[in-house]
Amino acid sequence: MEGDERVIKALNLTKRYGDLIAVDHISFEVKKGEIFGFLGPNGAGKTTTVRMLSTLTRITEGEAYVNGYDVKRERLKVKESIGVVQDVSNLYDELTVEENLKFLAELYGAPGENVERLIKEFNLPRKQKFGKLSSGYKRRVAISAALIHEPPIIFMDEPTVALDVHSAKLVREMILSLNKEGRTIFLTTHNMLEAEKLPHRIAIINRGKIVAMGRRNEVRSLLGRGVRVRFRVEPLSNKLLKALEEYSPSFDEDLIVVETGDVDGFLEELHELKGELGFKILHMETQLPSIEEVFLELTDESEEPRTCAVSCGGCPI
Ligand SMILES: Nc1ncnc2c1ncn2[C@@H]1O[C@H](COP(=O)(O)OP(=O)(O)OP(=O)(O)O)[C@@H](O)[C@H]1O
Ligand SMILES: [Mg+2]
């Protein structure tokens, strides 16, 4: 990651659709050169946020700056600075991959050599018609198309959704290689594997509001349940379990599992018990909660109508 320059800034960013607040006064910053993971369940406001930041839909309230440009007032400058990868691509089924990219290059006034470079870099099937490609290749071409004018910032809205395991892996590799080249990537996803691996920092959005933000480990620590320690001892005795009662130990096959906010204190206690009871510790591991656990705890299960809790018949919040 390069420096500390903020290339995306959102300040109280808000989108209303009639009575619905799809995005509700969210504020965050994305640093230059980072992959910023924007996580949330269906209907949380991910796509709406991407669309606002990329000038595709009007901002109702609040401010946003992309690459230093005001999204509301300098739309063209913002557009030149970004590439957007959405579910629906703007590529033509009847044109070949190469023809599609050449067409876009002309449209953007980008040098023709960019087409060649992208085809080579991402190993694209140049002569095949876009409409005939598998969904994995379609996604790769769509990502390449978003890069035609060499934007420093790329918005990707669920780039691996509906792809099989291999295609999704290829797209993830593509994201990492773009990031290595120094590009900043704003990545929305509800794929937890992606969330665990790709982003330098994460924001979790639920019902239009950001409910968690930070580096992956910071987000993992948010549950406040501390660290999970999993260990195996031999022989396992009732005396040991009795001594660990205050930790409410559970079992995962032959592992004893406890959760504690003070790992050092727990380990000290375990070693004292080892001396007293004479068991051997055969395995020991510690785990922070996963991003998935945090996600499940902080977000809603399903997209319910956003109405208030009083039974007034469904007034909007
Ligand atoms: N054009 C629109 N008109 C009215 N409501 C909309 C419009 N676009 C989105 N919404 C609503 O705004 C809310 C946020 O939608 P958004 O598409 O941003 O969610 P999302 O997080 O991208 O969800 P998903 O994971 O399903 O893609 C939802 O309640 C959605 O129904
Ligand atoms: Mg979406």
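Please read these numbers as outputs of a predicted model, since none were measured by experiment.

**Q** Before we move on, could you go through the overall build of the protein and cite the residues and values that matter?
**A** Secondary structure assignment for the protein yields 11 helices and 14 strands. In terms of overall dimensions, the protein has a C-alpha envelope of 80 × 55 × 40 Å along the principal axes. Taking all 317 residues of the protein together, 33% fall into the buried category. Contacts spanning at least 24 positions in sequence make up 70% of the contacts within the protein whose residues lie at least 6 apart.

**Q** Give me the sheet that holds strand β5 (residues 69-70): which residues, what numbers.
**A** With respect to topology, four strands assemble into an open sheet ordered β2-β1-β4-β5, the strand pairing being antiparallel. Either end of the sheet is taken by a strand with one partner, and the two such strands are β2 (20-31) and β5.

**Q** Outline the domain arrangement of the protein, supporting the account with residue identities and numerical values.
**A** Many analyses report the size of an interface as the accessible area lost when the parts associate. Annotation of the protein at the domain level lists domain 1 (6-221) and domain 2 (227-287). If you average the C-alpha positions of domain 1 and of domain 2, the two centres end up 45 Å apart.

**Q** Describe in detail helix α1 (residues 46-53), supporting the description with residues and values.
**A** Extensive coverage of α1 is indicated by the burial of eight of its eight residues. Just past α1, the residue Thr55 takes up positive phi, approximately 70°.

**Q** With reference to specific residues and values, describe the pairing of β2.
**A** A regular strand places its side chains so that they alternate between the two faces of the sheet. Two strands pair when backbone bridges link them, and strand β1 (residues 6-17) and β2 are joined in this way by eight bridges, in the antiparallel orientation. Bridging across to β2, Lys9 finds its partner in Glu29. Between β1 and β2, which pair antiparallel and follow one another directly, the connecting turn spans two residues, one of which, Gly18, has a positive phi of 60°.

**Q** Just give me the short version of the pairing of strand β10 (residues 209-215), but keep the residues and values in it.
**A** Inspection of the sheet shows strand β9 (residues 201-206) paired to β10 by six bridges, in the antiparallel sense. The partner of Asn206 across the bridge, within β10, is Lys209. Taking the residues between adjacent antiparallel strands as the criterion, β9 and β10 are bridged by two residues, where Arg207 takes a positive phi near 45°.

**Q** Summarise the site of ligand 1; cite the residues concerned and give the values.
**A** Taken together, the neighbourhood of ligand 1 is formed by Tyr17, Leu20, Ala22, Gly40, Asn42, Gly43, Ala44, Gly45, Lys46, Thr47, Thr48 and His190. Within the residue set of the shell around ligand 1, elements represented by two or more residues are β2 and α1. Class assignment of the residues belonging to the shell around ligand 1 gives a composition of four nonpolar, seven polar and one charged.

**Q** Give a description of the environment of Ser27 that names residues and reports values.
**A** Here Ser27 lies in strand β2. On a C-alpha basis, the gap between Ser27 and Lys209 in space is 9.3 Å, while along the polypeptide they are 182 residues apart. Once you skip the residues sitting within four places of it in the chain, Ser27 turns out to touch Ala10, Leu11 and Asn12.

**Q** How would you summarise unusual backbone geometry if you had to cite specific residues and measurements?
**A** Cis geometry marks the peptide bond from Glu234 to Pro235, where omega comes out at -5°. Position of Pro235 relative to the elements: it lies in the loop between β11 (227-234) and α9 (238-243). With a phi close to 55°, His25 is a non-glycine residue in the positive phi region. Mapped onto the elements, His25 comes out in strand β2.

**Q** Describe the nonpolar core, and please don't skip the residues or the numbers.
**A** With 63 residues, the main nonpolar core has Leu53, Val66, Ile154, Phe155, Phe186 and Leu187 as its most contacted residues. Element by element, the count of residues in this core is highest for β2, at five residues. In this structure Phe186 touches Ile8, Val30, Phe36, Phe38, Val50 and Phe155, once residues within four positions along its chain are discounted.

**Q** Summarise helix α6 (residues 165-180); cite the residues concerned and give the values.
**A** In this model, α6 (16 residues) spans 22 Å end to end at C-alpha, consistent with the 22 Å of a helix rising 1.5 Å per residue. Within α6, burial applies to Val171, Ile175, Leu178 and Asn179. For α6, the buried positions fall inside an angular range of 100° around the axis, keeping them on one side. Within α6, the exposed residues directed more than 90 degrees away from the buried face are Val165, His166, Glu173, Ser177 and Lys180. Where α6 is buried, its residues contact β3 (35-39), α5 (135-145), β7 (153-157) and β8 (184-189).

**Q** Describe in detail the sheet that holds strand β14 (residues 280-287), supporting the description with residues and values.
**A** Sheet architecture is open: four strands sit in the order β12-β13-β11-β14, paired in antiparallel fashion. Of all the strands in the sheet, just β12 (250-252) and β14 have a single pairing partner and so form its edges. Across the sheet, the mean angle from the axis of one strand to that of its neighbour is 30°, orientation sign disregarded. Two elements, β12 and strand β13 (residues 255-260), share three bridges in a ladder whose sense is antiparallel. In the sheet register, Ser250 faces β13, and the bridge partner there is Val257.

What counts as what
Residues numbered from 1 in each chain as written. Chains lettered and ligands numbered in written order. Predicted model: local features only at pLDDT ≥ 70, side-chain atom pairs only at ≥ 80, totals over all residues. Helix = DSSP H or I, 4+ residues; strand = E, 2+ residues; numbered from the N terminus. Buried ≥ 20, exposed ≤ 12 C-beta atoms within 10 Å, placed from the backbone. Contact = placed C-beta atoms within 7 Å. Pairing = 2+ DSSP bridges. Domains from an automatic or database assignment. Near = placed C-beta within 6 Å. Nonpolar A, V, L, I, M, F, W, Y, C, P; charged D, E, K, R; others polar. Core = buried A, V, L, I, M, F, W, Y, C linked by C-beta atoms within 7 Å. Expected span 1.5 Å × (residues − 1). Arc of directions from axis to C-beta. Axes fitted to C-alpha atoms, helices over the stretch in contact; angles between N-to-C directions.

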